[in-house]
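# An overview of the molecular structure
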Amino acid sequence: MLVEFVLLVSCIFAYLFWKDNYSVAKRPPGPTRLPIIGNLHQMALTGKKLPFEAFDVLSKTYGPLFSIKMGMKEAVVVTSFEDMAILLAKDETAGRVLEEFIADRSFKEELGVLFSNGEMWKSVRRFTIRTLRDFGFGRKSSLESMMSEELRHFVDKIKTDAKASGNSSVYVYTFFNLSLVNVIWSMVAGKTFSYDDERLIKFIEMNEGLFKAGNFGSDISVAFPFLRHMFPNATNANLFKAGFAEFHEYFREIIAEHKARPDYGTNPDSFVDVFLAKIDEMNETDPSEGFYTHDQLLIVMIDLFMTGTETLNGVLSFGLLFLILNPEVQAKVQKEIDAVVPHGGEVLFEHKQKMIYVQATIMEILRLGNIVPVIPPRKVMQDFTYKGYTFPKDTTIIPNLHSVFVNEKYWDDPKAFRPERFIDSNGELCNMSKFSPFGFGKRFCLGETQATPAIFLYFTTLVQQFEFSKMENQPDPTTDPSPGFTLSPTPFHMKVKARY
Ligand code: HEM
């Protein structure tokens, strides 16, 4: 009996091994798979803790485009800039995968912008961009006045916090989030918050917790989704559920406040008002379409809140970290800002063109900070072939942006922080064409038009107003990131000295 059982199990394993490795003819190459775990063991054997680093190691053996199976999850990993630029610009790859762990955010439906697909995604994305633009998003002059007001408060807060610390220091952890929420929320919900708002502070910390609780690479609940039900605490399923429930409650209250205003349709003060009017209009004209609902609005708000704060906080916090570790770069940045805007005057977006070294420094922060190491995976919407390989419908594509940012093929000494790599011998900016931190094609970052001025204005204003340095008699803060869906620096303390 035992012999038959062992034989049966061996046959099943042999069949699964053959099926996984040899029955698919034109899949991109990849490591040999084992039944059940797929390639998880090879990922572990790379010795890298973070999935995007493991992908980078595997690409050295299997090439820039390779197949991988992580538990039950089948995917193609893309690690070269050239392949990303072509593959991700295709209409066939303009889908996004709604993994189970993120599905609680939207009641297990494809809603919002970030993880929706097809006609609904197209319509809601277009509407969101257009409406936010009407409230200043992507309009340099409106954004500038909104941000300069906010930046005045933020500079004062840094001064107050540094004074209160007793040793002129601040703690860089979710450092920019409260201020960034005010910028984005003034457009989305027509309101700003005080920096002491207890509920918002807790909410931001909860959001940070969610961002750090998973990744878009090889999260265990992506590899084996059923584990979420068996071990809801260990897989963070409960954390995500509770976090998204808080989001729903908080944002429903905001929607209800707007809806209670009799003139939200005639005198809209924000994105939420215009969306509510659109819901009314659609209900009257085309109730069957169903794209514009209260749940849709709720999820778009979550998308904008989540994407609009953590990413920018990550970039700006890495900026401060790299400057205190490279004081000579800080000095050069200050010199250039002081030459263009003397005596601590207000920096404007139009000054950007005259600040080549600042621009190069910001690009280097985006590159080495590597805020979005893995682009949220794309889903193949229709079969196609590329370089002779077949990509069947529903294939998951994992664009490993990290590999592009640290690849010696594109960058000399890629681990070094060196803004000069973006400046050529004529003093002009260069190397920008191998650089796409905001993604590709029709799924290109919706917030880039807000992110670019925000990074410039926050970065230049802070470096103009303060001298930042390492804490005395303490080890240097690490540049190892705090991992998650997006990266941010491991929290650190730094000294702050006002320059004006
Ligand atoms: C430095 C800051 C930021 C970086 C590096 C960044 C990067 C990215 C990347 C790489 C993608 C995926 C693009 C693709 O699939 O090809 C993305 C998508 C997206 N980003 Fe950003 N982002 C940033 C800031 C923002 C901000 C400020 C917002 C909103 C206020 C935002 C909203 C979004 C949304 C909604 C999507 C999904 C677009 C879609 O699927 O249609 N992002 N971002």
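Along each chain, residues carry numbers from 1 onward, in the same order as the chain's sequence is written. Only residues with pLDDT of at least 70 get local features here, since the model is predicted, and only at 80 or more are side-chain atom pairs given and counted; chain-wide, interface and lining totals rely on the full set of residues.

## Quick look at the overall build of the protein
Put simply, the rule is: In DSSP terms, a helix is any run of H or I states spanning at least four residues, a strand is any run of E spanning at least two, and both are numbered starting from the N terminus. What the globule rule says is 2.2 Å times the number of residues to the power 0.38, and the radius of gyration is computed from C-alpha atoms. The exposure label follows from counting other C-beta atoms within 10 Å of a residue's C-beta, where the C-beta atoms are placed from the backbone and the thresholds are 20 or more for buried and 12 or fewer for exposed, leaving partly exposed in between. Placing C-beta atoms from the backbone, we regard two residues as in contact once those atoms come within 7 Å.
A tally of regular secondary structure across the protein gives 18 helices and twelve strands. For the protein, whose C-alpha radius of gyration is 24 Å, the value lies close to the compact-globule estimate of 23 Å for 500 residues. Referenced to the eigenvectors of the C-alpha coordinate spread, the extents of the protein come out at roughly 85 × 60 × 45 Å. Buried positions account for 41% of the 500 residues belonging to the protein. Sequence separation of at least 24 residues holds for 71% of the intrachain contacts in the protein that already meet a minimum separation of 6.

## Regarding the environment of Gly 214
Structurally, Gly 214 can be placed in the loop between α9 (198-211) and α10 (220-223). Remark: the alpha-carbon pair of Gly 214 and Gly 369, spanning 155 residues in sequence, is separated by 18 Å. Setting aside residues no more than four positions away along its own chain, Gly 214 makes contact with Phe 101, Asp 219, Asn 236 and Phe 485.

## A closer look at unusual backbone geometry
Despite not being glycine, Ser 168 shows a phi value in the positive range, around 50 degrees. Relative to the helices and strands, Ser 168 is located in the loop between α7 (140-165) and β4 (169-172). Its identity as a non-glycine residue notwithstanding, Thr 174 has a phi of 45 degrees, on the positive side. Following the sequence through the fold, Thr 174 ends up in the loop between β4 and α8 (177-188).

## Quick look at the site of the ligand
Counted only if it meets this: Residues are classed as near a molecule or strand if the C-beta position derived from their backbone is within 6 Å of it. Nonpolar residues are Ala, Val, Leu, Ile, Met, Phe, Trp, Tyr, Cys and Pro. Charged residues are Asp, Glu, Lys and Arg, and all others, Gly as well, are polar.
Taken together, 28 residues are adjacent to the ligand, and Thr 307, Gly 308, Gly 439, Cys 445 and Gly 447 come closest. For the shell around the ligand, the secondary-structure elements that each account for two or more residues are α14 (294-325) and α18 (448-465). Here the shell around the ligand gets seven residues from one element, more than from any other, and that element is α14. Split by residue class, the shell around the ligand holds 18 nonpolar, six polar and four charged.

## Structural notes on the nonpolar core
We apply this condition: Only buried Ala, Val, Leu, Ile, Met, Phe, Trp, Tyr and Cys residues enter a nonpolar core, and they are joined through C-beta atoms within 7 Å.
Core analysis: the largest hydrophobic core is formed by 116 residues, its most contacted members being Val 77, Ile 184, Val 188, Met 301 and Tyr 458. Sorting elements by how many residues they give to this core places α14 first, with 16 residues. Non-local contacts of Val 77, meaning those with residues more than four positions away in its chain, are made with Phe 55, Phe 66, Ile 68, Ile 398 and Asn 400.

## Thoughts on the UniProt feature "binding site: heme" (unreviewed entry) in the protein
Rule in force here: UniProt positions are given in the numbering used here, feature names are shortened, and annotations may be inferred rather than shown by experiment.
The feature "binding site: heme" (unreviewed entry), as annotated in UniProt, sits at Cys 445 in this numbering. In this structure, Cys 445 sits in the loop between α17 (401-405) and α18. In this structure Cys 445 touches Phe 438 and Gly 439, once residues within four positions along its chain are discounted.

## A closer look at the packing of α8 against α14
Our working definition: Only the contacting stretch of a helix is used when fitting its axis, a line to C-alpha atoms as for every element, and angles between N-to-C directions run 0 to 180 degrees. Definitions for this section: a left-handed crossing has its near helix turned counterclockwise from the far helix by less than a right angle. A right-handed crossing has that turn clockwise.
Direction vectors running N to C along α8 and α14 enclose 145 degrees, while the axes themselves pass 9 Å from each other. Seen along the crossing, α8 lies across α14 with a hand that is right-handed. Residue-level contacts link Asn 177, Leu 180, Val 181, Ile 184 and Val 188 of α8 to Met 301, Leu 304, Gly 308, Thr 309, Leu 312 and Asn 313 of α14. Classifying every residue of the contact of α8 with α14 gives seven nonpolar, four polar and no charged.

## As for the sheet that holds strand β1 (residues 65-70)
Using the following cut-off: Pairing between strands is defined by DSSP: at least two bridges between the two strands are required.
An order of β1-β2-β8-β5-β3 is seen for the five strands of this open sheet, with the pairing classed as mixed. Among the strands making up the open sheet, the edge pair consists of β1 and β3 (95-96). Sheet topology note: the strand β5 (residues 378-379)/strand β8 (residues 396-399) ladder contains two bridges and is antiparallel. The residue bridging Lys 379 from the neighbouring strand is Thr 396, located in β8.

## Looking at the packing of helix α15 (residues 327-340) against helix α16 (residues 356-369)
Filter applied, for reference: Every angle not falling under 35 degrees, over 145, or within 65 to 115 is termed oblique; those three ranges are roughly parallel, roughly antiparallel and roughly perpendicular.
At their nearest, the axes of α15 and α16 sit 8 Å apart, and the two run at 140 degrees to each other. Regarding the angle of α15 to α16, the classification is oblique. Our pair here, α15 against α16, has a crossing hand that is left-handed. Contact with α15, carried on its side by Val 329, Lys 332, Val 333, Glu 336 and Ile 337, involves Tyr 357, Val 358 and Thr 361 of α16 and no other residues of that element. Partitioning the contact of α15 with α16 into residue classes produces five nonpolar, one polar and two charged.

## Some thoughts on the sheet that holds strand β9 (residues 466-469)
Across a sheet, paired strands are connected by hydrogen bonds in the backbone, their directions being either parallel or antiparallel. Pairing is antiparallel in the open sheet, where three strands are placed in the order β4-β12-β9. Each having just a single partner strand, β4 and β9 make up the two edges of the open sheet. The average angle at which neighbouring strand axes cross in this sheet is 35 degrees, direction not considered. Direction of pairing for β9 relative to strand β12 (residues 492-498): antiparallel, over a ladder of four bridges. Its bridge partner lying in β12, Phe 466 is registered against Ala 498. Along the sheet face, α14 touches β4, β9 and β12 and points at about 70 degrees away from the line of β9.

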